[in-house]
Amino acid sequence: MYDRCNVSPPTMQDLPAGIDIIINYEGYNEKAFPDPTTGGAPYTIGFGTQHYPDGEPVERGQLCTYTKAKEYLLYEIEKINKLLTKEIPDLDEHMKEALISFIHSIGWEPFLYSDILDTIEEGKWNSVAEEMYRWVFDQDYQVISNLIHRRRDEINLFLMSVQKNNYGFGGQLLLNAFMLFDSSPNQIKAIKRLESGIHAIILAEFANEFKLPVLQQGEITV
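Not measured: the values here are computed from a predicted model.

**Student:** Residue-level account of the overall build of the protein chain, with values.
**Tutor:** If you tally the helices and strands in the protein chain, you get 10 helices and 2 strands. The burial tally for the protein chain puts 33% of its 222 residues in the buried class. Once local pairs closer than 6 in sequence are excluded, the contacts in the protein chain between residues at least 24 apart make up 57%. Surface exposure of the protein chain reaches about 14,400 Å², of which carbon and sulfur atoms provide 53%.

Here it is, written out as structure tokens:
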């Protein structure tokens, strides 16, 4: 039986960016906490650990130190790294780091059966980014702001070697919103609330680049 109290973690010094993203967004939890949906199992501890390296699940009330949490995380990353290297042997290092963080977030099986592998094999890097950006919802299909930030970091890291501009990946939430806009009251309310929170300079740059039509005198907007 694996001794979770006395373990020498693997060395993953070649994947610092991916590890940093995971640590930043998972955060360290000394005490196991329940799944927000079930109110119970699966329990999570450390930096997103739900199963110890010996396969035993994390249970209610269990504790772990920061050092031990880092060791659990490194074992999880090593496992993902081996699976990913076997599945996509010639992956760019930036892409590998980004995908390790992404897979640690959503799980290996969801990743394996998503459309991401096909788009990687076809070399459609922006399509890969778009597929990754779809994973920002919770179980109730509500968008989680923390996941938006995490996906942006993962996607920008993924595209680092192939995208030469400095604008980063914008995602498709707003694009989808524009395409589905039907002037319903809740949509208008959401857009107005969004506009009120956007910096005036950014809003002006967007309006100019989008080439919004100039309203004539007497015209009324919703």
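Additional details are given in the paragraphs that follow.
**Student:** Now, about unusual backbone geometry: what can you tell me, with residues and values included?
**Tutor:** Following A41, the chain continues to P42 via a peptide bond in cis, the omega torsion being 0°. On the secondary structure map, P42 appears in the loop between strand 1 (29-33) and strand 2 (44-46). Unlike most non-glycine residues, S183 shows phi in positive territory, near 65°. Here S183 is to be found in the loop between helix 8 (173-179) and helix 9 (185-197). You can call S183 partly exposed: its relative accessible area is 41%.

**Student:** Can you tell me about the environment of F33, naming the residues and giving the values?
**Tutor:** Position of F33 among the secondary structure elements: in strand 1. Given the relative accessible area of 32%, F33 is considered partly exposed. For the pair F33 and T44, spaced 11 residues apart in sequence, the C-alpha to C-alpha distance is 5.4 Å. Once residues within four sequence positions are removed from consideration, F33 is found in contact with P42, Y43 and T44.

**Student:** So what's going on with a nonpolar patch on the surface? Which residues, and what values?
**Tutor:** The grouping of L174, F178, L194, F206 and F210 at the surface amounts to a nonpolar patch, some 470 Å² of accessible area in total. Only helix 8 and helix 10 (200-210) provide two or more residues apiece to the nonpolar patch. You can see F210 is positioned in helix 10.

**Student:** Can you lay out a negative patch on the surface for me, pointing to particular residues and giving the numbers?
**Tutor:** Taken together, the side chains of E87, D115, D118 and E121 make up a negatively charged region of the molecular surface. Looking at where D118 falls in the secondary structure, it is placed in helix 5 (residues 116-121).

**Student:** Any chance you could break down the packing of aromatic side chains for me, citing the residues and the numbers?
**Tutor:** Per the counting criterion, the structure on display carries 7 aromatic pairs. On the basis of an interplanar angle of 45° and a centroid distance of 5.8 Å, the ring pair of Y28 and F47 is categorised as tilted. Remark: F47 occurs in the loop between strand 2 and helix 2 (66-87) and Y28 occurs in the loop between helix 1 (16-26) and strand 1; sequence separation between them is 19 residues. For the pair F47 and Y66, a centre-to-centre distance of 5.3 Å together with 85° between the ring planes defines the contact as edge-to-face. Taken together, the positions of F47 in the loop between strand 2 and helix 2 and Y66 in helix 2 put the pair 19 residues apart, joining distant regions of the chain.

**Student:** Help me get a handle on the pattern of salt bridges, residues and values and all.
**Tutor:** Overall, the coordinates contain 8 salt bridges when judged by the stated rule. Residue E78 pairs with K82 through a salt bridge whose shortest N-O separation is 3.7 Å. Taken together, the residues span about one helical turn, with E78 and K82 both in helix 2 at a distance of 4 residues. The class for K82 is exposed, based on a relative accessible area of 54%. Of the charged contacts in the structure, one is a salt bridge between R134 and E131, with a shortest N-O distance of 3.3 Å. Three or more residues are tied together by salt bridges with common partners; here these are E26, R150, R151 and E154.

**Student:** How would you sum up the environment of L157? Please name residues and give values.
**Tutor:** Here L157 lies in helix 7 (residues 145-158). We classify L157 as buried; its relative accessible area is 7%. Residues L157 and A17, spaced 140 residues apart in sequence, show a C-alpha to C-alpha distance of 8.1 Å. Once residues lying within four places of it in the same chain are set aside, the contact partners of L157 are A17, G18, I21, H94, E97 and A98.

**Student:** Requested: an account of the packing of helix 1 against helix 2, with residues and values cited.
**Tutor:** At a closest axis distance of 12 Å, the pairing of helix 1 and helix 2 adopts a crossing angle of 130°. Considered as vectors, helix 1 and helix 2 are oriented oblique to each other. Between helix 1 and helix 2 the crossing geometry is right-handed. Residues I19, I22 and I23 of helix 1 lie in contact with helix 2, whose contacting residues are K70, L73, L74 and I77. Taken together, the residues of the contact of helix 1 with helix 2 sort by class into 6 nonpolar, no polar and 1 charged.

Thresholds, definitions, all that
- Residue numbers run consecutively from 1 along every chain, following the written order of its sequence.
- Selection of residues for local features in this predicted model requires a pLDDT of at least 70, selection of side-chain atom pairs for listing and counting requires 80 or more, and totals for whole chains, interfaces and linings are taken over all residues.
- Hydrogens and waters are ignored; side-chain quantities use all the structure's heavy atoms.
- Secondary structure follows DSSP: runs of H or I at least 4 residues long count as helices, runs of E at least 2 residues long count as strands, and numbering of each begins at the N terminus.
- Think of it in three bands: residues with accessible area under 20% of the maximum for their type are buried, residues over 50% are exposed, and the middle band is partly exposed, with areas taken using a 1.4 Å probe on protein chains only.
- Contacts are residue-level and defined by heavy atoms, with any inter-residue pair within 4.5 Å sufficient.
- Values of accessible area rely on a 1.4 Å probe in the Shrake-Rupley scheme; residue burial ignores everything except the protein chains shown.
- A patch consists of residues whose relative accessible area exceeds 30% and which take part in no salt bridge; residues with like charges are grouped when within 9 Å of each other, and nonpolar side chains (Val, Leu, Ile, Met, Phe, Trp, Tyr) when within 5 Å.
- The term salt bridge refers to a pairing of a side-chain nitrogen on Lys or Arg with a carboxyl oxygen on Asp or Glu at a separation within 4 Å.
- Counted charges follow a simple rule, with Lys and Arg positive, Asp and Glu negative, and His plus the chain ends left uncounted.
- To locate a charge, the coordinates of NZ of Lys, CZ of Arg, CG of Asp or CD of Glu are taken.
- Working definition: rings of Phe, Tyr and Trp (its six-membered ring) pair if their centres are within 6.5 Å, and the pair is stacked with planes under 30 degrees apart, edge-to-face with planes over 60 apart, and tilted otherwise.
- Interaxial angle, 0 to 180 degrees, is taken between N-to-C directions of lines fitted to C-alpha atoms, where a helix line uses only the stretch in contact.
- Roughly parallel means an angle under 35 degrees; roughly antiparallel means over 145; roughly perpendicular covers 65 to 115; every other angle is labelled oblique.
- Throughout, a crossing is termed right-handed when the near helix is turned clockwise from the far one, and left-handed when it is turned anticlockwise from it by less than a right angle.
- Ten residue types, Ala, Val, Leu, Ile, Met, Phe, Trp, Tyr, Cys and Pro, are classed as nonpolar, four, Asp, Glu, Lys and Arg, as charged, and the remainder, Gly among them, as polar.

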